[in-house]
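Chain and residue survey
Chain by chain, the residues:
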Protein chains: 2
Amino acid sequence: MKVLEDRILKDGVIKPGGILKVDNFLNHQIDPSLIHDMAMELKRLFGEKGVNKILTVEASGIALAIMTAYVFNSPMVFAKKSKSKNISDDVYSVKIPSFTHGNTNTVIVSKEYLHEGDRILIVDDFLATGAALVGLRALAQQAGAEVVGAGIAIEKLFQGGGDKLRAEGMHIESLAKISSMSDDGKICFA
Amino acid sequence: MKVLEDRILKDGVIKPGGILKVDNFLNHQIDPSLIHDMAMELKRLFGEKGVNKILTVEASGIALAIMTAYVFNSPMVFAKKSKSKNISDDVYSVKIPSFTHGNTNTVIVSKEYLHEGDRILIVDDFLATGAALVGLRALAQQAGAEVVGAGIAIEKLFQGGGDKLRAEGMHIESLAKISSMSDDGKICFA
């Protein structure tokens, strides 16, 4: 999606350790017009898939997910980072390691909001190692729901998570695919 | 806003300690059509105020804030809960006690995204004791920005935060104002 690639080139900042900061328009300050364009593109890509629910994980996936939910006219559910060590019986839960923060979060979804028969589109801001996608897929599977696809803003292809999940059959569409980044600030798209 | 009041009566659940759970449509599963209606109402209420930026705090304020930002055609900034004890020089920071969780979070905004001269509309899902509003206003003040108002989904009037801040001159509009809640499930609107 050219408008997103152009914005990454203009405002993205490469940090040591393969981290791309897009705080200017996606992760801290958010450009709602760009988010809407991205949601419309996800509608074009997944509009015929019978999606009835959008699933993401707090916090930085929420903005794209709610706008996607709006254009799909479907509810959005965000998995919450659990503050408690005791996971109650009324939630699905999974552990998700964070590439950016170097820790692991237990994330939960109430059993009230994921069901057998749901056709779920996962939405997230980044795809790198794929850990968040694997976790969200596991939550859907615990509910007996079907993940019909994943719509991602920015995929870092060189971290391999996306291709591994595609090989397992997941339909993933990433709106910008970065094939390489160098510490001197050069970003190449696939 | 009648559609929101009706939804609270239909789907809200009162928990001990003055907590209203609206996980069904606002805080965990989110109804994007309702969020859009609420954003349009905030546009009606604050559309003539020269707002150039929407400010909220992660995580549950983000959905309403990004939709509001979309209808205002202005960027949205969300304050982040700091994971680190060391606050760097390049952020504004404030401590916000959480009524629901019984803890205190340090929240930060990068100095890049709040500026002198900004005319800020604060958006949040709940207003109870007013702690989040006080914190977000303090972040704006650190930047020399002006808070032109606060748009809230649900205000619990009986916790007093809103009236205290109105007495200080803040322009607050809440889309549903709850005057009382009883443990047996009765909710009264102002």
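Scroll up to find the structure.
The text that follows walks through the structure, step by step, so that each part is easy to find. (Residues numbered from 1 in each chain as written. Chains lettered and ligands numbered in written order. Predicted model: local features only at pLDDT ≥ 70, side-chain atom pairs only at ≥ 80, totals over all residues. Heavy atoms only, no water.)

Notes on the overall build of chain A
Within chain A one finds six helices and eleven strands. Here chain A has a C-alpha radius of gyration of 16 Å; the compact-globule value for 190 residues is 16 Å, and the two agree. With the C-alpha coordinates aligned to their principal axes, the bounding extent of chain A is approximately 50 × 35 × 35 Å. Relative to its 190 residues, chain A shows a buried fraction of 54%. Pairs at least 24 apart in sequence give 60% of the contacts found in chain A among residues at least 6 apart. Just so you have it, chain A exposes about 8,000 Å², and 48% of that area is on carbon and sulfur atoms. Between the mean site of the 22 positive side-chain charges and the mean site of the 23 negative ones, chain A shows a separation of 3 Å. (Helix = DSSP H or I, 4+ residues; strand = E, 2+ residues; numbered from the N terminus. Rg over C-alpha atoms; globule rule 2.2 N^0.38 Å. Buried < 20%, exposed > 50% of the residue type's maximum accessible area, 1.4 Å probe, protein only. Contact = heavy atoms within 4.5 Å. Areas by Shrake-Rupley, 256 points an atom, 1.4 Å probe, with all protein chains shown as cover. Lys, Arg positive; Asp, Glu negative; His and termini not counted. Charge placed at Lys NZ, Arg CZ, Asp CG, Glu CD.)

Notes on the relation of the copies chain B and chain A
Of the two same-sequence chains, chain B is brought onto chain A (RMSD 0.0 Å, axial shift 0.0 Å) by a rotation of 180 degrees. Such a combination of turn and shift is consistent with a two-fold rotation axis. Taken as a fraction of all interface residues of chain B, those also at the interface in chain A reach 97%, which identifies the copy contact as same-surface. (Least-squares fit on C-alpha atoms with pLDDT ≥ 70 in both.)

Details of the nonpolar core
By size, the foremost hydrophobic cluster in this structure holds 78 residues, and its most contacted members are Leu 20 and Ile 154 of chain A together with Leu 20 and Ile 154 of chain B. The contacts of Ile 154 of chain A, once residues within four sequence positions are left out, are Leu 4, Ile 8, Leu 20, Val 22, Leu 26, Asp 125, Phe 126, Leu 127, Ala 176 and Ile 178 of chain A. Judged by nonpolar contacts, the second largest core, of 28 residues, contains Val 77, Val 94, Ile 122 and Leu 136 of chain A. (Core = buried A, V, L, I, M, F, W, Y, C linked by side-chain atoms within 4.5 Å.)

Some details on the packing of helix 3 (residues 32-46) of chain A against helix 4 (residues 62-72) of chain A
All names here are of chain A. The contact between helix 3 and helix 4 brings their axes to 8 Å, and the two run at 55 degrees. On the basis of the axis angle, helix 3 is oblique to helix 4. The chirality of how helix 3 crosses helix 4 is right-handed. Listed contacts from helix 4 to Pro 32, Ile 35, His 36, Met 38, Ala 39, Met 40, Leu 42, Lys 43 and Phe 46 of helix 3 are Ala 63, Leu 64, Met 67, Thr 68, Val 71 and Phe 72. The residue makeup of the contact of helix 3 with helix 4, split by class, is twelve nonpolar, two polar and one charged. (Axes fitted to C-alpha atoms, helices over the stretch in contact; angles between N-to-C directions. Parallel < 35°, antiparallel > 145°, perpendicular 65-115°, else oblique. Left-handed = near helix turned anticlockwise from the far one by under 90°. Nonpolar A, V, L, I, M, F, W, Y, C, P; charged D, E, K, R; others polar.)

Points about the interface of chain B and chain A
Taken together, the 31 residues of chain B in the interface contact 30 residues of chain A. Both faces combined, the contact of chain B with chain A buries some 2,800 Å², and carbon together with sulfur accounts for 68% of it. At the junction of chain B with chain A, the criterion picks out zero salt bridges. Between chain B and chain A we count twelve residue pairs in polar contact (both at pLDDT 80 or more) in total. Of all elements in the fold, only helix 2 (23-27), strand 3 (29-30), helix 3 (32-46), helix 4 (62-72), strand 5 (76-81) and strand 7 (104-110) of chain B reach the threshold of two or more residues within the side of chain B that touches chain A. A total of six residues in the side of chain B that touches chain A trace back to one element, the largest contributor, which is helix 4 of chain B. Of the residues in the side of chain B that touches chain A, the class split is 17 nonpolar, nine polar and five charged. (Buried area = accessible area lost by both parts, 1.4 Å probe. Salt bridge = Lys/Arg side-chain N within 4 Å of Asp/Glu carboxyl O. Polar contact = N/O pair within 3.5 Å; in protein donor to acceptor, adjacent residues only side chain to side chain.)

Distances and angles like these do not, on their own, reveal function.
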